[in-house]
Amino acid sequence: MMTLLHLLADPFLDFGFMRRALVACLALSLSSAPLGVFLLLRRMSLVGDALSHAVLPGAAIGYLISGMSLVAMGIGGFIAGLAVAMMSGWVSRRTLLKEDASFAGFYLGSLALGVTLVSLRGSSMDLLHVLFGSILAVDSSAMVLVGIITTLSMLILAAIYRALLIESFDSVFLQVSMGRWLMVIHALFLSLVVLNLVAGFQILGTLMSVGLMMLPAASARFWAKNLPQTLGVAIAIGMIASLIGLLWSYYASLPAGPAIVLSASLIFFFSILCGTRGGVLVTARR
């Protein structure tokens, strides 16, 4: 038992970068997982994936200007992600193209542009750090930025929680009752999604940051019976996946981002099989 405790605790007791990465991942789980739940309820799961790719050009421009600076890359990524979200919504409203197709077109172009920009100045290792994150990049400034984004996200999400809940189940009623405010709420929600994706790309990378948002939310669906429980379970799963992934990356010398997302994926597959609310085994037994 003591040996197991040492294996779990030693990486975080001995190395400051592991502690910083764990705190940052726990904070991200606290704000990202609830957003993932609402993305699922609104049938916008792939929008989160598209936006995670869309932040890459802005992050690449920040990298070209200031190197591996979290603040510069974060600001650039937020502007790029929000621009893609707004342009996709505008195109879907003004043309016959549906919103999912519009997002697909913009995010594919953004991904190609971002990879090209990073390749202009950086090495292949720099490109890997941007795409898949780097646990060593989590310094004090990164933790402060993640903490600010998490706090801001929780406050705004609490303020628009009721409107998001109503829109997820009866968008027509919300449109009639709130009118123009509906667009403001939608814009705020997408802004929170982009903010959290930007906060996660230093550890998880632009390609993996959406994993900590969507996989815990999808897994929680198999264990919870109402929305408050789903939000709580999603946060807990995100935190557990973060801990397991960081330990896995430490002992197996794996990149932290893929290890965390792979851990969340394993929990997702376990939930599909054994979940008490519609899991495969429970359904077969019935």
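Data block above holds the structure.
Residues numbered from 1 in each chain as written. Predicted model: local features only at pLDDT ≥ 70, side-chain atom pairs only at ≥ 80, totals over all residues. Heavy atoms only, no water.

A.B. asks: Which residues make up the packing of aromatic side chains, and what values go with them?
C.D. replies: Overall, the coordinates contain 6 aromatic pairs when judged by the stated rule. Ring centres of Phe-15 and Tyr-250 lie 5.8 Å apart, and the angle between their planes is 50°; on these two criteria the pair is classed as tilted. Linking Phe-15 in the loop between helix 1 (2-14) and helix 2 (16-41) with Tyr-250 in helix 12 (residues 227-252), this pair joins segments that are 235 residues apart in sequence. A relative accessible area of 31% means that Tyr-250 is categorised as partly exposed. Taken together, the aromatic side chains of Phe-15, Phe-17, Tyr-250 and Tyr-251 make up a single cluster linked through ring pairs. When the ring centre of Phe-189 is taken as origin, the NZ or CZ atom of Arg-42, which lies over that ring, is 4.5 Å away. (Phe/Tyr/Trp six-rings, centres within 6.5 Å; stacked < 30°, edge-to-face > 60°. Helix = DSSP H or I, 4+ residues; strand = E, 2+ residues; numbered from the N terminus. Buried < 20%, exposed > 50% of the residue type's maximum accessible area, 1.4 Å probe, protein only. Lys NZ or Arg CZ within 6 Å of the ring centre and 35° of its normal.)

A.B. asks: For the packing of helix 2 against helix 11 (residues 211-220), give the residues involved together with the corresponding values.
C.D. replies: The contact between helix 2 and helix 11 brings their axes to 7 Å, and the two run at 60°. Put simply, helix 2 runs oblique to helix 11. Between helix 2 and helix 11 the crossing geometry is right-handed. Where helix 2 approaches helix 11, its residues Cys-25, Leu-28, Ser-29, Ser-32, Ala-33, Leu-35, Gly-36, Val-37, Leu-39 and Leu-40 are matched on the opposing element by Leu-212, Met-213, Met-214, Pro-216, Ala-217 and Ala-218. Of the residues in the contact of helix 2 with helix 11, the class split is 13 nonpolar, 3 polar and no charged. (Axes fitted to C-alpha atoms, helices over the stretch in contact; angles between N-to-C directions. Parallel < 35°, antiparallel > 145°, perpendicular 65-115°, else oblique. Left-handed = near helix turned anticlockwise from the far one by under 90°. Contact = heavy atoms within 4.5 Å. Nonpolar A, V, L, I, M, F, W, Y, C, P; charged D, E, K, R; others polar.)

A.B. asks: Tell me about a positive patch on the surface, and please be specific about residues and values.
C.D. replies: Judged by side-chain charge, Arg-221, Lys-225, Arg-277 and Arg-286 come together as a positively charged surface patch. Position of Lys-225 among the secondary structure elements: in the loop between helix 11 and helix 12. Given the relative accessible area of 59%, Lys-225 is considered exposed. (Patch = residues over 30% accessible without salt bridge, like charges linked within 9 Å, V, L, I, M, F, W, Y side chains within 5 Å. Areas by Shrake-Rupley, 256 points an atom, 1.4 Å probe, with all protein chains shown as cover. Salt bridge = Lys/Arg side-chain N within 4 Å of Asp/Glu carboxyl O. Lys, Arg positive; Asp, Glu negative; His and termini not counted. Charge placed at Lys NZ, Arg CZ, Asp CG, Glu CD.)

A.B. asks: Could you give an account of the nonpolar core, naming the residues involved and the relevant values?
C.D. replies: Counting residues in hydrophobic clusters, the biggest one holds 41 residues, and the most contacted among them are Phe-38, Leu-39, Leu-51, Leu-164, Phe-189, Val-193 and Met-213. With 9 residues, the top contributor of residues to this core is helix 10 (residues 181-204). Aside from chain neighbours lying at most four places away, what touches Leu-39 is Met-44, Ser-45, Gly-48, Phe-189, Val-193, Met-213 and Met-214. Counting 29 residues, the second largest nonpolar core, distinct from the first, contains Ala-21, Leu-28, Leu-195 and Ile-260. (Core = buried A, V, L, I, M, F, W, Y, C linked by side-chain atoms within 4.5 Å.)

A.B. asks: Give me the lowdown on the side chain of Ser-209, citing residues and values where you can.
C.D. replies: Here Ser-209 lies in the loop between helix 10 and helix 11. The class of Ser-209 is buried, set by a relative accessible area of 5%. Setting aside its immediate chain neighbours within four residues, Ser-209 contacts Ser-52, Leu-197, Gly-200, Phe-201 and Leu-204.

A.B. asks: Can you break down the packing of helix 2 against helix 8 (residues 140-169) residue by residue, with the values?
C.D. replies: Running from amino to carboxyl end, helix 2 crosses helix 8 at an angle of 20°, the nearest separation of the two axes being 9 Å. Relative to helix 8, the element helix 2 lies roughly parallel. The way helix 2 lies across helix 8 gives a crossing that is left-handed. Note on element contacts: helix 8 touches helix 2 through Ser-140, Met-143, Val-146, Thr-150, Ser-153, Met-154, Leu-157, Tyr-161, Leu-164, Leu-165, Ser-168 and Phe-169, opposite Arg-20, Val-23, Ala-24, Ala-27, Leu-28, Leu-30, Ser-31, Pro-34, Leu-35, Phe-38 and Leu-41. Looking at the contact of helix 2 with helix 8, its residues break down into 17 nonpolar, 5 polar and 1 charged.

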